[in-house]
Amino acid sequence: MVNELRELLRYRYLLAQLVVRDIKVRYKNSFLGFLWSLANPLLQVATMTVVIKYVMRLDIPNYSAYLLVGYLPWMFFQMALLDSSQVVLAHRDLLRKVYFPREVLPASVVVANLIHYVLALVVFFAYLLFYRFFMHGAPLQWTVLWLPVLMAMQTALIIGLAFYISCLNVFYEDVKYLLTVLLNVFFYLTPVMYPAELVAEKLNSPLLYKLYLLLPMNALVDAYRKTLLPPITGLTIRDTPIHSQPLDFGTMALAMGICVLVAITGYAFFNARKWVFAERV
Amino acid sequence: MTNCAIELQGINKSFALLREKHMSLKSAVLSLRRRKPEQVPGLCDINLSIAKGETVAVVGKNGSGKSTLLRIIARVYRPTSGTVVTNGRMSTMLALAAGFHPELTGRENIYFNGAIMGLSSADIADKIDSIIEFSELDEFVDTPVKTYSDGMLMRLGFSIAVETDPDILLIDEVLAVGDAGFQDKCYNRIEAFQRQGRTILFVTHDLEAAAKVASRSIWINSGKVAADGITAQVIQQYLNSLRQRGSEEKEKI
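Now for a look at the structure at hand. Computed from a prediction, not measured in an experiment: that's the story for all the values here.

Overview of a nonpolar patch on the surface
Residue and element names in this part refer to chain A.
Turning to step 1, where the next piece is worked out: The grouping of Met1, Leu5, Trp142, Leu145, Trp146, Val149, Phe249, Met256, Val260 and Ile264 at the surface amounts to a nonpolar patch, some 1000 Å² of accessible area in total.
Turning to step 2, where the next piece is worked out: In terms of residue count, helix H12 (residues 249-273) provides more of the nonpolar patch than any other element does, four residues in total.
Turning to step 3, where the next piece is worked out: Looking at Trp146, the relative accessible area reads 31%, which means it is partly exposed.

Digging into the side chain of A:Lys176
Residue and element names in this part refer to chain A.
Turning to step 1, where the next piece is worked out: Inspection of the secondary structure puts Lys176 in helix H8 (residues 175-189).
Turning to step 2, where the next piece is worked out: No salt bridge is formed by the buried Lys176; its nearest oppositely charged neighbour, Glu173, is found at 4.7 Å.
Turning to step 3, where the next piece is worked out: Each residue touching Lys176, except ones within four places of it in the same chain, is listed here: Ser85, Gln86 and Asn169.

Here's the deal with the packing of aromatic side chains
All names here are of chain A.
Turning to step 1, where the next piece is worked out: One pass over the structure, following the stated rule, counts 20 aromatic pairs over all chains.
Turning to step 2, where the next piece is worked out: Look at Phe171 and Phe277: their rings are 6.3 Å apart centre to centre, the planes differ by 65°, and that puts the pair in the edge-to-face class. Of this pair, Phe171 sits in helix H7 (residues 147-171) while Phe277 sits in helix H13 (residues 277-280), and the two are 106 residues apart along the sequence. Neither residue differs from the other here; Phe171 and Phe277 are each classed as buried.
Turning to step 3, where the next piece is worked out: Looking at Phe277, the relative accessible area reads 0%, which means it is buried.
Turning to step 4, where the next piece is worked out: Positioned above the aromatic ring of Phe269, the side-chain terminus of Arg273 is 3.8 Å from the ring centre.

As for the sheet that holds strand S1 (residues 4-16) of chain B
Residues and elements named next belong to chain B.
Turning to step 1, where the next piece is worked out: If you trace the three strands from one edge of the open sheet to the other, you get S2-S1-S4, paired in antiparallel fashion. Pairing within the sheet leaves two strands with one partner each, and these edge strands are strand S2 (39-51) and strand S4 (81-86). Across the sheet, the mean angle from the axis of one strand to that of its neighbour is 20°, orientation sign disregarded.
Turning to step 2, where the next piece is worked out: As defined by bridge partners, S1 adjoins S2 across nine bridges and the pair is classed as antiparallel. Across the sheet, Ile6 pairs through a bridge with Ile50, a residue of S2.

Side note on the interface of chain B and chain A
Turning to step 1, where the next piece is worked out: Between chain B and chain A, the residue contacts involve 32 residues of the former and 28 residues of the latter.
Turning to step 2, where the next piece is worked out: When chain B packs against chain A, the two sides together hide about 2700 Å² of surface, and 60% of this comes from carbon and sulfur.
Turning to step 3, where the next piece is worked out: Our count for the contact surface shared by chain B and chain A stands at one salt bridge.
Turning to step 4, where the next piece is worked out: We note a salt bridge from A:Glu279 to B:Lys13, for which the minimum N-O separation is 2.5 Å.
Turning to step 5, where the next piece is worked out: Connecting chain B to chain A are one residue pair in polar contact (both at pLDDT 80 or more).
Turning to step 6, where the next piece is worked out: Elements with a minimum of two residues in the side of chain B that touches chain A: S1, helix H1 (25-30) and helix H3 (106-116) of chain B.
Turning to step 7, where the next piece is worked out: Looking at the side of chain B that touches chain A element by element, the count peaks at five residues for H3(B).

Section: the environment of B:Tyr238
Turning to step 1, where the next piece is worked out: Within the secondary structure layout, B:Tyr238 lies in helix H8 (residues 231-252).
Turning to step 2, where the next piece is worked out: Distance in space between the C-alpha atoms of B:Tyr238 and B:Asn113 is 36 Å, their sequence separation being 125 residues.

Digging into unusual backbone geometry
Turning to step 1, where the next piece is worked out: The backbone phi angle of B:Asp138 is positive, close to 50°, even though this residue is not glycine.
Turning to step 2, where the next piece is worked out: Looking at the element boundaries, B:Asp138 is found in the loop between helix H4 (121-135) and helix H5 (150-163).

Here's the deal with the packing of helix H10 (residues 206-214) of chain A against helix H11 (residues 216-228) of chain A
All names here are of chain A.
Turning to step 1, where the next piece is worked out: For the pair H10 and H11, the least separation of the axes is 4 Å and the interaxial angle reads 95°. With respect to H11, the axis of H10 lies roughly perpendicular. Every residue of H11 that contacts H10 at Tyr209, Tyr212, Leu213 and Leu214 is listed here: Pro216, Asn218, Ala219 and Asp222.
Turning to step 2, where the next piece is worked out: Within the contact of H10 with H11, the residues separate by chemical class into six nonpolar, one polar and one charged.

Notes on helix H2 (residues 66-73) of chain B
Residue and element names in this part refer to chain B.
Turning to step 1, where the next piece is worked out: In terms of burial, H2 is largely enclosed, as seven of its eight residues are buried.
Turning to step 2, where the next piece is worked out: If you check which residues of H2 are buried, you get Lys66, Thr68, Leu69, Leu70, Arg71, Ile72 and Ile73.
Turning to step 3, where the next piece is worked out: Among the residues trailing H2, Arg75 stands out with phi positive, at a value near 70°.

Concerning the pairing of strand S8 (residues 216-221) of chain B
Residue and element names in this part refer to chain B.
Turning to step 1, where the next piece is worked out: With five of six residues buried, S8 lies mostly within the body of the structure.
Turning to step 2, where the next piece is worked out: Here four bridges tie strand S3 (residues 55-59) to S8, and the two strands are oriented parallel to one another. What sits directly across from Val56, in S8, is Arg216.
Turning to step 3, where the next piece is worked out: Pairing geometry for S8 and strand S9 (residues 224-230), over six bridges, is antiparallel. The residue bridging Ile218 from the neighbouring strand is Asp228, located in S9.
Turning to step 4, where the next piece is worked out: Taken together, S8 and the strand that follows it, S9, pair antiparallel across an intervening segment of two residues, in which Ser222 is found at a positive phi of about 45°.

Conventions we followed
Residues numbered from 1 in each chain as written. Chains lettered and ligands numbered in written order. Predicted model: local features only at pLDDT ≥ 70, side-chain atom pairs only at ≥ 80, totals over all residues. Heavy atoms only, no water. Patch = residues over 30% accessible without salt bridge, like charges linked within 9 Å, V, L, I, M, F, W, Y side chains within 5 Å. Areas by Shrake-Rupley, 256 points an atom, 1.4 Å probe, with all protein chains shown as cover. Salt bridge = Lys/Arg side-chain N within 4 Å of Asp/Glu carboxyl O. Helix = DSSP H or I, 4+ residues; strand = E, 2+ residues; numbered from the N terminus. Buried < 20%, exposed > 50% of the residue type's maximum accessible area, 1.4 Å probe, protein only. Lys, Arg positive; Asp, Glu negative; His and termini not counted. Contact = heavy atoms within 4.5 Å. Phe/Tyr/Trp six-rings, centres within 6.5 Å; stacked < 30°, edge-to-face > 60°. Lys NZ or Arg CZ within 6 Å of the ring centre and 35° of its normal. Pairing = 2+ DSSP bridges. Axes fitted to C-alpha atoms, helices over the stretch in contact; angles between N-to-C directions. Buried area = accessible area lost by both parts, 1.4 Å probe. Polar contact = N/O pair within 3.5 Å; in protein donor to acceptor, adjacent residues only side chain to side chain. Parallel < 35°, antiparallel > 145°, perpendicular 65-115°, else oblique. Nonpolar A, V, L, I, M, F, W, Y, C, P; charged D, E, K, R; others polar.

See the structure below:
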């Protein structure tokens, strides 16, 4: 694996070119292009806020911020995995004619989506600051400093899964359909629209709740919310009082271990099969 | 051996015969007993050694395994068994527009192709003027590659392949699409390459070109080396076999 990584390093210019090409195509070289890519998550969050506040009548103060802080990392997860399911087939001509380390393909879609995520986070922080100074919102907390760690964990998780998915989709073309279905299911299982504490109250078992948080995206979305925003207090959802829980560092360390494990096994899985791609696509 | 540019030892390559049924998850689950897909042989026990500075033509019928051989040397395919050793930087031209992105301009594609060869933008910036000059694309270099003709693609591809100073050049019958003028220019460039002691391996159906450029030729037939030696003799053997087959076909009719 060390040799593979060294070869990948030698081809960093190709990785950079692929990322730039991806971003150029998505943003069409214009600032409006970037706004368009933000419009989708913002509209989605606005819709969900309206539904929760006025249709379901749950009054959660500043709900849209709590939703956005979970929805943006979820979008990063979802878009990167969906892109990775297509990336090998999309480069079939290149693959069949030229040598290059195959892992630059999934790596490039993960890096490109990471860049979109960072840009979206910039907008999120602008929103928080606006809220702080014009609507008397809460100040930023020092736990914001955990953000790079969380992003590194999430990127490791995503790149590992992207290796599995991009590779499997070469051999079984229905992997991408299965992935779409699974992502839909997991969107509701992940504490994006609701706080993780709601799951804790409903499960009513610390052990089961621990297991729930061992799915790395659950732990990550929960951690993003708790480090970037102040805890929600005195919240009651449908007669269930929500007791906000502090971030548990033991759980986070375990989640980090899982993310790294997924990245390493994913890379090994991909490397064992990557030289057959040219014959199969 | 250090004066060896390309060395192949005991290369075998077989391909999985892909049918529709191997391509879905459902079929993978249903056929858990794991009958492996049928294997078809591509290359069979190839041993080759090409010295630095040699120019070698590879001839043979369609489907005989010439391109597979080139792809194995170019590391696009991994052999089923055997070893490949190459010495020096390799530049490959295995297809028209292989590394080109249709939406990007010629100039952007030069950078992209350079990156595929492991070159940095700074390396390419040094060479881009001579690449554009050799390709004779002039103002078309700033238009998207999707608007190019086959001849223009070939000119751009060949220019990138030769102007990036490779030690080994692999070409798969793509020169035929250029016009006579550019073909002459290519062969002149190839001769200059030979004088500089670089190694060239090319697949061609143009036996005249093979005779003109290559001192040594290899005839591949059904995945095996049928003849390897002085170009004139190898071509003669190859033509004889083609004639023989031709007369057999006539008898059938």
